[in-house]
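Topology and contacts: notes
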Amino acid sequence: MDCISGSFTPIADILAGQHEGKPVQIRGWVHRARSSGSLAFLVLRDASGILQCAIKKDAAGEKAFEAAKSAYIESSCMLAGIPKKDERAPGGWELAASQFEFIHQGQPFPISKDQSTEFLLDVRHLWLRSQKLSKLMKLRHAALRSLHQFFDERGFFELAPPIITKSACEGGSTLFELNYFGSPAYLSQSGQMYAEVFMTALEKVYVLAPSFRAEPSRTVRHLAEYWHLEPEMAFYNQKMNMQLQEDMIVQTCHDLGKNQAELLESVERDPKKLLAVKGPFPRLSYEKAIEKCQALDCKIEFGQDLGADEEAVLTKDAAQPIFIHNHLKEFKAFYMREDPNQLGTVLSADLLAPEGHGEIIGGSERIWQADELKARMAEQNLPMKDYQWYLDLREYGSVPHAGFGLGIERLCKWMFGLDHIRDAIPFPRTINRVYP
Ligand code: 4AD
Ligand code: MG
């Protein structure tokens, strides 16, 4: 057998019953191993699934049998044999092997059962092969594909924003600074301001890129590096902006609930929860949200921004995501347009996911007139010279526009029913971890 040029069957095809009684070759990694007497059982894993393989001394020969017996968890190998139905095997199929060969026997695998979360994070580069993380990464892929499709169907263009920038989008306190050939620059907190540039060229655009937040928070929903999907639309007001978010969330949830039901169930997430998501999502003004929190015994005062605790209280028993809109101007970002019908508040909306997961989207209508933007920047003491290019957008054919930012891992945490955001991304970057 040659692991590159040979003809190999994906395990999923065998589990689907496509090769009953016919000889196949498979290749992959040892997921589980045990042996007794003249029989070795290996559960082999490839990208598509796991299959139990029985290697009998008399069928496969002494040499192959001895090799199979010496396999470690995660040894890479190839087998040939015949798939047979077997109720007792995982997935209902077993390969009666006639050949076994190592690709690489390797060393005893350092991960066994019941290891601490910290240890598993130390060996994340090996733990990503686990069934749980593999399934979550497949689901993440499906979620991103669905989002891309949503925007493609609506005529949006995806453009690439820079990651290294001079301009803080979300306030100075969470910037990662770097030495850019001798002068300070920052890792992007948000691609929004660049999405606003793209909007002036292509009207309906989105960026999908990593955002960085030097947030010293040790929570189940903060990453220092996360993936951020940020659409920006010319000639959109806040109402249209919120409708687009709602449509996006409903379509993505339904797509996954319908087309990834088996994977969702395998990570113990009920697809029905996603299929039940439907608009219109409840909408609550910031003022009403504070009243509701206070009625539910949260210690929050009017004038303070909602935090994780308040969001959890507001969404714990909710079946649908909730919009919180019209936040106070004083604690929201400088680019949000003041609501002409409710001065002191901005045309903002945060979308909170149900079941206590909290904020997954932050969005707003943008200030599109130069004077208003300059005045707000002055109020917030922003260094005008670093933002001159952004101000320029309001000097040459400015148009009303709106947009939002969706945290991909926050969305995945909710959709996949995760307790912690770290398993929504292969290598979570948190306050106490940048290795591996
Ligand atoms: O609410 P935020 O800070 O809004 C912005 O950055 C806007 N510029 C977006 C825009 O209008 N284009 O962040 C948007 C979303 C949050 O709702 C959350 O889902 C996610 O980004 N997010 C984080 N995800 C993981 N870890 C963190 N530390 C996050 N901070 C924000
Ligand atoms: Mg926010």
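For the structure itself, consult the block above.
These lines cover the structure that appears in this document, whether it is placed above or below. (Residues numbered from 1 in each chain as written. Chains lettered and ligands numbered in written order. Predicted model: local features only at pLDDT ≥ 70, side-chain atom pairs only at ≥ 80, totals over all residues. Heavy atoms only, no water.)

Focus on the nonpolar core
Core analysis: the biggest nonpolar cluster contains 45 residues, and Ile249, Leu406 and Phe416 have the highest contact counts within it. In terms of residue count, helix 6 (residues 131-153) provides more of this core than any other element does, nine residues in total. By size, the runner-up hydrophobic cluster in this structure holds 23 residues, among which are Val30, Leu42, Phe65 and Ala68. (Core = buried A, V, L, I, M, F, W, Y, C linked by side-chain atoms within 4.5 Å. Buried < 20%, exposed > 50% of the residue type's maximum accessible area, 1.4 Å probe, protein only. Helix = DSSP H or I, 4+ residues; strand = E, 2+ residues; numbered from the N terminus.)

As for empty space enclosed by the protein
Scanning the model with the defined rule gives three cavities of 30 Å³ or more in all. Reported here for the largest cavity is a volume of approximately 50 Å³. As for the largest cavity, its lining consists of Glu196, Met199, Thr200, Leu393, Arg394, Ser398, Val399 and His401. Looking at the lining of the largest cavity element by element, the count peaks at three residues for helix 7 (residues 192-202). (1 Å grid on protein atoms, 1.4 Å probe; cavity = no way out; pocket = protein on both sides within 12 Å on 5 of 7 lines; lining within 4 Å. Points joined across faces, edges and corners; volume = space filled by probe spheres on them.)

A look at the pattern of salt bridges
Taken as a whole and judged by the stated rule, the model has 24 salt bridges. When salt bridges with common partners are traced through the structure, they connect Arg45, Glu74 and Arg129 into a single cluster. (Salt bridge = Lys/Arg side-chain N within 4 Å of Asp/Glu carboxyl O.)

Topic: unusual backbone geometry
With an omega of -5 degrees, the peptide bond running from Gly279 to Pro280 counts as cis. Assignment of secondary structure puts Pro280 in the loop between helix 10 (271-275) and strand 12 (283-285). With an omega dihedral of -5 degrees, the bond running from Tyr435 to Pro436 counts as a cis peptide bond. Within the secondary structure, Pro436 sits in the segment after helix 15 (408-415). For Asp297, which is not a glycine, the phi torsion comes out positive at approximately 75 degrees. Here Asp297 lies in the loop between helix 11 (286-295) and helix 12 (308-315). Of note in this structure, Glu355 is not a glycine but carries a positive phi near 60 degrees.

Examining the site of ligand 1
With respect to spatial proximity, 23 residues lie near ligand 1, and among them Glu170, Gln192, Glu230, Glu359 and Ile360 are the closest. Within the side chain of Ser190, an N or O atom sits 2.9 Å from a nitrogen atom of ligand 1. Between an oxygen atom of ligand 1 and a side-chain N or O atom of Arg366, the distance comes to 2.9 Å. Protein contact buries 93% of the 620 Å² of open area that ligand 1 shows by itself. Of all the elements in the fold, those that place two or more residues in the shell around ligand 1 are strand 11 (225-234), strand 15 (358-365) and strand 16 (401-407). The biggest single contributor to the shell around ligand 1 is strand 15, with four residues. Taken together, the residues of the shell around ligand 1 sort by class into eight nonpolar, seven polar and eight charged. (Near = heavy atom within 4 Å. Polar contact = N/O pair within 3.5 Å; in protein donor to acceptor, adjacent residues only side chain to side chain. Areas by Shrake-Rupley, 256 points an atom, 1.4 Å probe, with all protein chains shown as cover. Nonpolar A, V, L, I, M, F, W, Y, C, P; charged D, E, K, R; others polar.)

Let's talk about the packing of helix 8 (residues 238-259) against helix 15
Orientation of helix 8 relative to helix 15, taken along the N-to-C sense of each, is 50 degrees, at an axis distance of 12 Å. Regarding the angle of helix 8 to helix 15, the classification is oblique. The hand of the helix 8/helix 15 crossing is right-handed. Between helix 8, through Ile249, Thr252, Cys253 and Leu256, and helix 15, the contact on the second element is made entirely by Leu411, Trp414 and Met415. Grouping the amino acids of the contact of helix 8 with helix 15 by side-chain chemistry returns six nonpolar, one polar and no charged. (Axes fitted to C-alpha atoms, helices over the stretch in contact; angles between N-to-C directions. Parallel < 35°, antiparallel > 145°, perpendicular 65-115°, else oblique. Left-handed = near helix turned anticlockwise from the far one by under 90°. Contact = heavy atoms within 4.5 Å.)

Brief notes about the sheet that holds strand 6 (residues 157-158)
The mixed open sheet is built from eight strands, whose spatial order is 6-10-11-16-15-14-13-12. Among the strands making up the open sheet, the edge pair consists of strand 6 and strand 12. Contacts from helix 12 reach strand 12, strand 13 (322-325), strand 14 (348-353) and strand 15, with the element oriented near 65 degrees to strand 14. Strands strand 10 (204-212), strand 11, strand 14, strand 15 and strand 16 of the sheet are contacted by helix 15, whose axis makes an angle of about 60 degrees with strand 16. (Pairing = 2+ DSSP bridges.)

Re the sheet that holds strand 9 (residues 183-187)
By way of backbone hydrogen bonds, the strands of a sheet pair with one another, either parallel or antiparallel. Taken in spatial order, the three strands of this open sheet run 7-9-8, and their pairing is antiparallel. Where the open sheet ends on each side, the last strands, each with one partner, are strand 7 (164-165) and strand 8 (177-180). With four bridges joining them, strand 8 and strand 9 adopt antiparallel strand pairing. Among the inter-strand pairings, Asn179 is bridged to a residue of strand 9, identified as Pro184.

With respect to the packing of aromatic side chains
Going through the model one piece at a time under the given rule, you end up with 13 aromatic pairs. Pairing Tyr194 with Trp389 gives two aromatic rings, centres 4.7 Å apart and planes at 20 degrees, and the pair type is stacked. Here Tyr194, found in helix 7, pairs with Trp389, found in helix 14 (residues 388-392); they are 195 residues apart in sequence, far enough to count as distant. Under the relative-accessibility criterion, Tyr194 is labelled buried at 16%. Since its relative accessible area comes to 26%, Trp389 is described here as partly exposed. Three or more aromatic residues joined by ring pairs make a cluster, and in this case those are Tyr194, Phe334, Tyr335, Tyr387, Trp389 and Tyr390. One cation-aromatic arrangement involves Arg394 over Tyr390; the distance from NZ or CZ to the ring centre is 4.3 Å. (Phe/Tyr/Trp six-rings, centres within 6.5 Å; stacked < 30°, edge-to-face > 60°. Lys NZ or Arg CZ within 6 Å of the ring centre and 35° of its normal.)

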